[in-house]
Amino acid sequence: MGKKPKIGCIVSTLCFVAFTATIYYEFLSHHSIEGKLGLFKGGCLSLVFFLVGLLASDFTWRITSDYYSFKNLWIHYTSLLFLRLASFIFHRLVVKDTRNVRGVQEKFILDLIKSNALTDYGKSHDFSSIKSVEDFKSSHPLTRYSYYEKYIDRVYNGETNVMTSLQPYILAMTSGTSGQPKMLPTVKKGRSLFFTYGLLPLFHILFTNMDGINNLQKKLKFFYTPRWRQTPSGISIGPNSSSPTNSQAELSFHSTPAAAFDILSEPEALYVYLLFGLRDKKLGYLEANFASLIYTAFVSLESNWKDLLTDLRNGYIKPDLNIDSSVRKRLNSELSPFPDRANELQTEFERGFLGIAKKIWPYMNFILCVDSGSFQVYGDLLRKTYCKGLHIYSPIYAATEGFIGINLWPFSPDSQYLMIPKVLFYEFIPIEKSLSCEQPDTLLLHEVTEGEVYEMVISNCSGLYRYRFGDVVKVVGFHNQSPIVEFMYRQGQFLNVRGEKTSEKLFYEAFHDSFNMVMVGYSLLDYCCVEQLPQSGEETPRYIVFMEVGSKEVTPSVSLVNQLAEELDKQLQSSYIYKSFRDKGSIAQVKVHLVKPMTFSKFRRTLILSEKATPNQFKVPRVIRKSEAIDFMHQNLVIQP
């Protein structure tokens, strides 16, 4: 395939050179103005034919979706040309910034303080007197969400110039994984920084590492339209993560028709996404914010493939799918019967779902989604099951509070992110000081040490200053002067019954290794933990794990699950602190419970509905503390003889 564009370009160029040489010779031979003018027109025409030939050649070698109109195909093609140039430029700018981290960071924070000096927040914190980074650190405390609540209430009620000189366009809701959801003002400058210093450099990585990105294929993206709310003053309330609402310009590149994004309930929307995705054999890649969304989609596909193929054969959506009639009408107008494609898909589904993605979409190139942190379990599952043989690339590190870093190394086995100096102002608290002090000394971006673990502190353009948002990272290297970090865990997702503070990452690694050692032939589908705290002086606290497994038809025996608990407890004792408590008998052995199939799917859906969250940003909490969630797990235990 790679030779076709070269051959086409060579042929077009040779024809153009030969024709131009002939015209030039004739031009010199003619002395009349009319003759020269005619030859000039011929030369212009040859140039047009040459350019058309180049374009035609460039089109012919690319894999192209069968479901593009010519207009949208042209938009996709020209977008690729623009993105290739723009991404190259901004990637170079990012690299340039990494050579002067201290200077870029200082300019960012001082410009930010100056621009907000006349806001109510800026006046109350004497921003006008801050002239250096040292002034900022010494005069402004480290903060948490409670520090801003009174200001956010004023923004909510319509006051302006409260936290930022720029008016917030959204009050962004956090996912609430590590506590109650928070509402954070967000200005448009934040999205602009994300696009220019996040998405554009990301496309440079894709262009230089993923051949398939150059094709004119559609993508299947699993993201959902949020249920937006409004403040009394008209500011939207909802997630600031990627959604159909804020991605209008790219919707024509999706296999999903625009009408489907008007479906607000996830199960029904997902069904339609899958239906139109199955129709297009030439899909280029899958995308979602998190690996959990893609895993959920394949679970749904395995459960509903017969209905989906019936709809594909009939050319219309099944009547009992609970969607609005006007949406149904628009979607059905996009469908026609595809019996051959349905038969082809049925053959593959009946053979089994191992590696199914590459079998039903043979031209698929890769998958884009975050699979680090709490999503690692889903990334591991996808690689072993549905998406075996496809590369999964975790491209960015971001939070509701801001964009943090980009993964420049798509084929690295660990997801590592280069911190971008121009989008946030960063500070770092050594982890040993993080939990013992509310106002510890901090290090700046250029002061961190490779191999050390830190709690991250940020200041952003939306009004948060020296904000402790809970992410813990490990510095694993440097790109020029800018740190490369690996996400470790979110504070609030500790297991902590005696002050031992077992992190999510440490627990998952121990559980993953123990499971693979003991539960041979089974797959770990999902899990969560509970801290069993003493209710009376006689009880000993312990960790309780609820897990869902797959792969074998036989339910694991009680003895096998108990063996897993013993091995997990042994693995956790690689932590000196946990081991010391176990040796003293202050913490009892871990207990593992098996839950029924689909428990975590129901749990996820229940939490989304009860907390009015959007699937785009939802994370299953690895440590559950709410009594309703704990009761849900106990109600879904596998009862064994």
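Going by the structure above, here's the rest.
How each quantity is defined
- Residues numbered from 1 in each chain as written.
- Predicted model: local features only at pLDDT ≥ 70, side-chain atom pairs only at ≥ 80, totals over all residues.
- Heavy atoms only, no water.
- Disulfide = S-S within 2.5 Å.
- Buried < 20%, exposed > 50% of the residue type's maximum accessible area, 1.4 Å probe, protein only.
- Helix = DSSP H or I, 4+ residues; strand = E, 2+ residues; numbered from the N terminus.
- Expected span 1.5 Å × (residues − 1).
- Contact = heavy atoms within 4.5 Å.
- Lys, Arg positive; Asp, Glu negative; His and termini not counted.
- Salt bridge = Lys/Arg side-chain N within 4 Å of Asp/Glu carboxyl O.
- Polar contact = N/O pair within 3.5 Å; in protein donor to acceptor, adjacent residues only side chain to side chain.
- Pairing = 2+ DSSP bridges.
- Axes fitted to C-alpha atoms, helices over the stretch in contact; angles between N-to-C directions.
- Nonpolar A, V, L, I, M, F, W, Y, C, P; charged D, E, K, R; others polar.

Another aspect to go through is the state of the cysteines. Applying the stated criterion across every chain yields a total of zero disulfides. Of the cysteine sulfurs around Cys387, a residue in no disulfide, the closest is that of Cys369, at 8.2 Å. Overall, the relative accessible area of 0% leaves Cys387 in the buried class.

Spanning 15 residues, helix α17 (residues 558-572) covers 21 Å between terminal C-alpha atoms, matching the ideal 21 Å at 1.5 Å per step. All of the buried residues along α17 are Leu560, Val561, Leu564, Ala565, Glu567, Leu568, Asp569 and Leu572. Buried residues belonging to α17 abut α16 (504-518), β18 (542-550), α18 (576-584) and β19 (591-594).

So, on to the side chain of Asp280. With respect to the helices, strands and loops of the structure, Asp280 is situated in the loop between α9 (266-279) and β6 (285-290). For the buried Asp280, which has no salt bridge, the nearest side chain bearing the opposite charge is Lys218, at an N-O separation of 6.3 Å. Reaching out from Asp280, the side chain makes a polar contact with the backbone nitrogen of Lys282 at a distance of 3.0 Å. For Asp280, the contacting residues outside a window of four places in its chain are Ser65, Tyr67, Lys218, Arg341 and Trp361.

Before going further, it helps to spend a moment on the pairing of strand β9 (residues 396-399). Direction of pairing for β9 relative to strand β10 (residues 402-406): antiparallel, over a ladder of four bridges. Paired with Ala398 across the strands is Phe403, a residue of β10. Hairpin connection of β9 to β10: two residues between the antiparallel strands.

All told, the structure shown has 27 salt bridges when counted by the stated rule. Among the ionic pairs, Lys281 bridges to Glu344, the shortest N-O distance being 3.1 Å. With a gap of 63 residues between them, Lys281 in the loop between α9 and β6 and Glu344 in helix α12 (residues 339-351) connect regions that are remote in the sequence. The partner of Arg383 in a salt bridge is Asp371, with the nearest N and O atoms 2.5 Å apart. Pair noted here: Arg383 is in helix α14 (residues 376-384) and Asp371 is in the loop between β7 (366-370) and α14, with a separation of 12 residues, a long-range link. Here Arg383 falls in the partly exposed class, since its relative accessible area comes to 34%. Overlapping salt bridges bring together Lys219, Lys221, Glu250 and Glu287 as one network.

Once that is clear, we can look at the environment of Ile152. Inspection of the secondary structure puts Ile152 in helix α7 (residues 149-156). Given a relative accessible area of 2%, Ile152 falls into the buried group. Counting along the chain gives 31 residues from Ile152 to Met183, while the straight-line C-alpha distance between them is 7.8 Å. Apart from residues no more than four positions distant in its own chain, Ile152 is found in contact with Tyr145, Met163, Met183 and Pro185.

Between α14 and α16, the shortest axis-to-axis distance is 11 Å and the interhelical angle comes to 30°. Between α14 and α16, the residues in contact are Gln376, Val377, Asp380 and Lys384 and Tyr508, His512 and Asn516, respectively. Residue composition of the contact of α14 with α16, grouped by class: two nonpolar, three polar and two charged.

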